[in-house]
Amino acid sequence: MENYKKSKIVEKPSPLPFTNLPSDIIEMKVKDGSKIRNLMGYAIGKMESDSVRQILFTGSGKAISKTITCVEIMKRRLPGLHQITKVLFKQTEEIWEPIVPEAGLDALTVKRNIPAICVLLSKEALDSHEPGYQAPGSSELPKLCFLEGPEVMRPKLISFQLLWMLL
């Protein structure tokens, strides 16, 4: 590959894994370089209005963890949201061109399947039998259980929600 340079990446279009979505649904396309504060400022502002009932977060590759973070922040800020999560693969093609065209090398096409996630958040109840459905959780913090004994009292169970609030 030292004789080639990547000339372009083509992402194959793939349909959304949800059916019966309104045509005007807000789709937050999270990228690896997206700023969470910018995404959340827009998304929370839209979801706080009465006209928007659903929002869709999508991300692929390195942006999957950022997409999940955005969803969890939304659920924390706006309690009572129903969620359906779908995991899929997006196909991309990388076109590699020879660095020296006179060397007689052909262009290469590399096809990759990149993991992706789509998360639908809704103020209204969704189909609870749909795979990936999560009902709205309570916004209360879980109670900590402490070990007893001569050692220093330390938590036995700490949730990610609590860690998130402490950070």
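Structure: see above.
The numbers attached to residues start from 1 for each chain and follow its sequence in the written order. Per-residue local features are limited, in this predicted model, to residues with pLDDT of at least 70; the limit for side-chain atom pairs, both in listing and counting, is 80 or more; totals at the level of whole chains, interfaces and linings are taken over all residues. Water and hydrogen atoms play no part in the side-chain values, which are based on all heavy atoms of the structure.

Novice: What am I meant to see in the overall build of the protein chain here?
Specialist: Note on conventions: DSSP H or I runs of at least 4 residues are helices, E runs of at least 2 residues are strands, and numbering of each starts at the N terminus. Looking only at helices and strands, the protein chain has three helices and six strands in total. Across the 167 residues of the protein chain, 31% fall into the buried class. Note on definitions: a residue-residue contact is assigned when non-hydrogen atoms from the two residues lie within 4.5 Å. Counting contacts in the protein chain only where the partners sit at least 6 residues apart, residues at least 24 apart contribute 75% of the total. The accessible surface values rely on the Shrake-Rupley method and a 1.4 Å probe; as for residues, cover is taken only from the protein chains in view. Split by element, the accessible area of the protein chain, about 11400 Å² in all, is 54% carbon and sulfur. For the exposure calls, accessible area comes from a 1.4 Å probe over protein chains only, and a residue counts as buried if that area is under 20% of its type's maximum, exposed if over 50%, partly exposed in between.

Novice: Help me understand the pattern of salt bridges in this model?
Specialist: Pairing is possible between side chains of opposite charge, provided their charged atoms come close. For this analysis, a salt bridge means a side-chain nitrogen from Lys or Arg found within 4 Å of a carboxyl oxygen belonging to Asp or Glu. One pass over the structure, following the stated rule, counts eight salt bridges. Glu-72 is the partner of Lys-75 in a salt bridge, and the nearest nitrogen-oxygen pair spans 3.4 Å. Linking Lys-75 with Glu-72, this pair stays in helix H2 (residues 64–77), spanning three residues, or about one helical turn. Between Glu-130 and Lys-86 there is a salt bridge whose closest N-O contact spans 2.7 Å. Note that Glu-130 is positioned in the loop between strand S5 (108–122) and strand S6 (133–134) and Lys-86 in strand S4 (residues 82–98), a separation of 44 residues in sequence. The exposure class assigned to Lys-86 is buried, which follows from its relative accessible area of 15%.

Novice: What exactly am I supposed to notice about the side chain of Lys-66 here?
Specialist: With respect to the helices, strands and loops of the structure, Lys-66 is situated in helix H2. Although Lys-66 lies buried, it forms no salt bridge, and the closest oppositely charged side chain, Asp-32, sits 5.2 Å away as judged by the N-O distance. With residues near it in sequence (within four places) discarded, Lys-66 still touches Val-30, Lys-31, Asp-32, Gly-33, Ser-34 and Ile-36. Under the counting rule used here, the positive set is Lys and Arg, the negative set is Asp and Glu, and His together with the chain ends is not counted.

Novice: Just checking my understanding: could you explain the environment of Asn-3 for this structure?
Specialist: Residue position: Asn-3 is located in the segment before strand S1 (4–11). Taking the relative accessible area as the measure of exposure, Asn-3 reaches 43% and is therefore partly exposed. Along the backbone, Asn-3 and Val-100 are 97 residues apart, and their C-alpha atoms lie at a distance of 7.4 Å.

Novice: Quick question: what am I supposed to make of the packing of helix H1 (residues 36–48) against H2 here?
Specialist: Two numbers describe a pair of packed helices, the interaxial angle and the distance between the axes. At a closest axis distance of 10 Å, the pairing of H1 and H2 adopts a crossing angle of 40 degrees. Looking at the two axes, H1 sits oblique to H2. Where H1 crosses over H2, the two elements pack in a sense that is right-handed. Mapping the contact onto sequence places Ile-36, Leu-39, Met-40, Ala-43, Ile-44 and Met-47 in H1 and Lys-66, Thr-69, Cys-70, Ile-73, Met-74 and Arg-77 in H2. Under the scheme applied here, ten amino acids are nonpolar (Ala, Val, Leu, Ile, Met, Phe, Trp, Tyr, Cys and Pro), four are charged (Asp, Glu, Lys and Arg), and all others, including Gly, are polar. For the contact of H1 with H2, a count of residues per class yields nine nonpolar, one polar and two charged. Lines fitted to C-alpha atoms define the axes, with helix axes restricted to the stretch in contact, and inter-axis angles between N-to-C directions lie between 0 and 180 degrees. These descriptions rest on fixed angle ranges, namely under 35 degrees for roughly parallel, over 145 for roughly antiparallel, 65 to 115 for roughly perpendicular, and the rest for oblique. Helix crossings get a hand from a simple test, with the near helix turned counterclockwise from the far one by less than a right angle marking a left-handed crossing and a clockwise turn marking a right-handed one.

Novice: Before we go on, may I ask you to explain the nonpolar core in this structure?
Specialist: The nonpolar side chains of soluble globular proteins are, as a tendency, buried together. Membership of the largest hydrophobic core comes to 22 residues, with the highest contact counts inside it found for Met-28, Met-47, Ile-55, Phe-57, Met-74 and Leu-121. Of all elements in the fold, only strand S2 (26–30), H1, strand S3 (54–60), H2 and S5 reach the threshold of two or more residues within this core. Setting aside chain neighbours within four positions, we find Leu-121 in contact with Met-47, Arg-53, Gln-54, Ile-55, Phe-57, Val-71, Met-74, Lys-75, Leu-81, His-82 and Gln-83. Buried Ala, Val, Leu, Ile, Met, Phe, Trp, Tyr and Cys residues that are joined via side-chain atoms within 4.5 Å together make up what is termed a nonpolar core. Core analysis: the next-biggest nonpolar cluster, separate from the first, contains nine residues, Phe-18, Leu-56, Cys-118 and Leu-126 among them.

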